[in-house]
Amino acid sequence: MLGTVPRRLLAVAAREAQEWRSPALAAQLQNSFFWKPYSDWKASSSIENYYIRKRRKWPIKPYKTLWLENFAFQLAKRSFKQSVRKSNTNLLSELRSSFAEYEINPTSESYNLLVRVLIREQPSNWEEQLREILFQLENCGICGLRMSMFIDLIKFYGEKDMYDDAVKLFVEMPKYGCEPSLEVLKTLLLVLCRSDKGLNMVPGLLLESLEMKNIRIDESCFGILIRALCRKGMASNALQLLKHMAEEGYDVDQNVCSLTLATMCRQLNTDDDFDIAGVLEDMKLFGFEPRLNDYRNMIRCLVKRKKVNDALELMRQMKMKRTMPEIKCYNLVLHAFICDREFLKAEKIFDELLIMGCVPDIYTYTVYINGLVMQNRVDDAIQIVSSMNSLGCAPNFSIYATVLRALIEGGKSDTVPEFLTEIQQKCLHPNSHTYGLAAVATKIGAVGPSIATKTGIVPVTTTVH
């Protein structure tokens, strides 16, 4: 009985050996094992016992090891790339012949390579070749196709404006042995949202994706749709989608909310009756925390709507939230008050920005000096201009021209040469600003060519706007 059990196992092992050993060697193995006495077999089969009793398998087939298969794949891939350089009219046939040359079958990675090459080369008959490749993938039953291949194909369809084909490929992914994933869906949404035609296909796509097992629409998908609506100027629809996200329990992205708010602020001419402050309050209900850029867009929106007091109230709320207004916010309100000739409020705003530690920029000084000139406070304007260099903000041509016109129109032509001399002393070398200033002075008639030459500023022919 002990001699029959090993013989039965050796019979099974001999049949397995026929897969990778020559028939003659297998027959020799079977004959030597079956016709020897049990004692002789026990002494000469220690190696076979090792694999049969402990490992239950035969040694690794020497000509089918992993490194050898990888090496053959690399050689076949190199052969395929070389054949593509010669002709790209039938890439699938070239792939088959390249891999058949090394006696291996095309794998999923080889088809990924084939699709990339087709997208890169784009031969004249690429549509026909792509249909042939997809037909081959559908019928050959290759497993392990990468999601990146479908993502590349969907992007390629998007570049060719073939949105129907992109949606069809996404829906029919199970035919190729792959289940649609959220990553592929987001890629398809990005492709569709580029045009109005693709955007109209999004609702139907989302309904189909709800029936797919592996896909659950998350916040990133909503973010793609909201950004697309904002690009199209459909801010009200984007706001409705944000509210729907909050009602369904999704986390609201701060950047998406900021984009929606900025889009609404830009639509002032189309929706004049829209309450932008109410929109901000609604966004705060589902977790939106406005940042400095959001407040600045709101202030600009309110200023354009002639609601400067509401802008001041918003700045007060900023300070209560410990968000200090920046100089651009003060510039917007300061300019609005000066345009409305509310100079007392403008003075308070200018004093407040200095107290809050904001550093005035060139736009701040330009607006404030214009306000002083409108009040006929030319001496105060000249004093501000004289102190600008020490404050780290050099006056520009617009400020000089404003003060110069105010001097002439205010009947102070006698101070014009002194003002020009001061400018020339501050400008180490005459530049385009000083030349243009001299042209303004001579055109107005306050300074003749002799005075301008004496001060070192030679008038030039220029056009003054």
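This is a predicted model, so every value here is computed, not measured.

Draft legend 1. Representation of the overall build of the protein chain. For the protein chain, the helix and strand inventory stands at 27 helices and zero strands. For the protein chain, the proportion of its 465 residues judged to be buried stands at 43%. A separation threshold of at least 6 residues defines the contact pool for the protein chain, and within that pool the share at least 24 residues apart is 60%. By element, 52% of the accessible surface of the protein chain is carried by carbon and sulfur atoms, the whole surface being about 26300 Å².

Draft legend 2. Here's a closer look at the state of the cysteines. Applying the stated rule across the entire model yields zero disulfides. Summary of cysteine pairing: Cys 329 is not part of a disulfide, and the nearest cysteine sulfur, belonging to Cys 358, is at 8.5 Å. Using a relative accessible area of 0% as the deciding quantity, one classes Cys 329 as buried.

Draft legend 3. Spotlight on the pattern of salt bridges. In total, this model carries eleven salt bridges according to the counting rule given. Between Asp 253 and Arg 227 there is a salt bridge; the shortest N-O distance is 3.9 Å. Of this pair, Asp 253 sits in the loop between helix 15 (235-247) and helix 16 (254-266) while Arg 227 sits in helix 14 (residues 219-231); the two residues are 26 residues apart in sequence, bridging distant segments of the chain. Looking at Asp 253, the relative accessible area reads 33%, which means it is partly exposed. In this structure, Arg 377 and Asp 380 form a salt bridge, with 3.0 Å as the shortest nitrogen-oxygen distance. On the basis of relative accessibility, which here comes to 29%, the residue Arg 377 falls in the partly exposed class. For Asp 380, a relative accessible area of 30% translates into the label partly exposed.

Draft legend 4. Broad picture of the side chain of Arg 296. Looking at the secondary structure, you find Arg 296 in helix 18 (residues 292-304). Classification of Arg 296 as buried rests on a relative accessible area of 14%. Aside from chain neighbours lying at most four places away, what touches Arg 296 is Glu 326, Lys 328, Cys 329 and Leu 332.

Draft legend 5. Molecular detail of helix 10 (residues 163-171). Within the span of helix 10, buried status applies to Tyr 163, Ala 166, Val 167, Leu 169 and Phe 170. With its buried residues spanning 160 degrees around the axis, helix 10 presents them on a single face. Where helix 10 is buried, its residues touch helix 8 (126-140), helix 9 (147-159), helix 11 (182-192), helix 12 (196-200) and helix 13 (202-210).

What counts as what
Residues numbered from 1 in each chain as written. Predicted model: local features only at pLDDT ≥ 70, side-chain atom pairs only at ≥ 80, totals over all residues. Heavy atoms only, no water. Helix = DSSP H or I, 4+ residues; strand = E, 2+ residues; numbered from the N terminus. Buried < 20%, exposed > 50% of the residue type's maximum accessible area, 1.4 Å probe, protein only. Contact = heavy atoms within 4.5 Å. Areas by Shrake-Rupley, 256 points an atom, 1.4 Å probe, with all protein chains shown as cover. Disulfide = S-S within 2.5 Å. Salt bridge = Lys/Arg side-chain N within 4 Å of Asp/Glu carboxyl O. Arc of directions from axis to C-beta.

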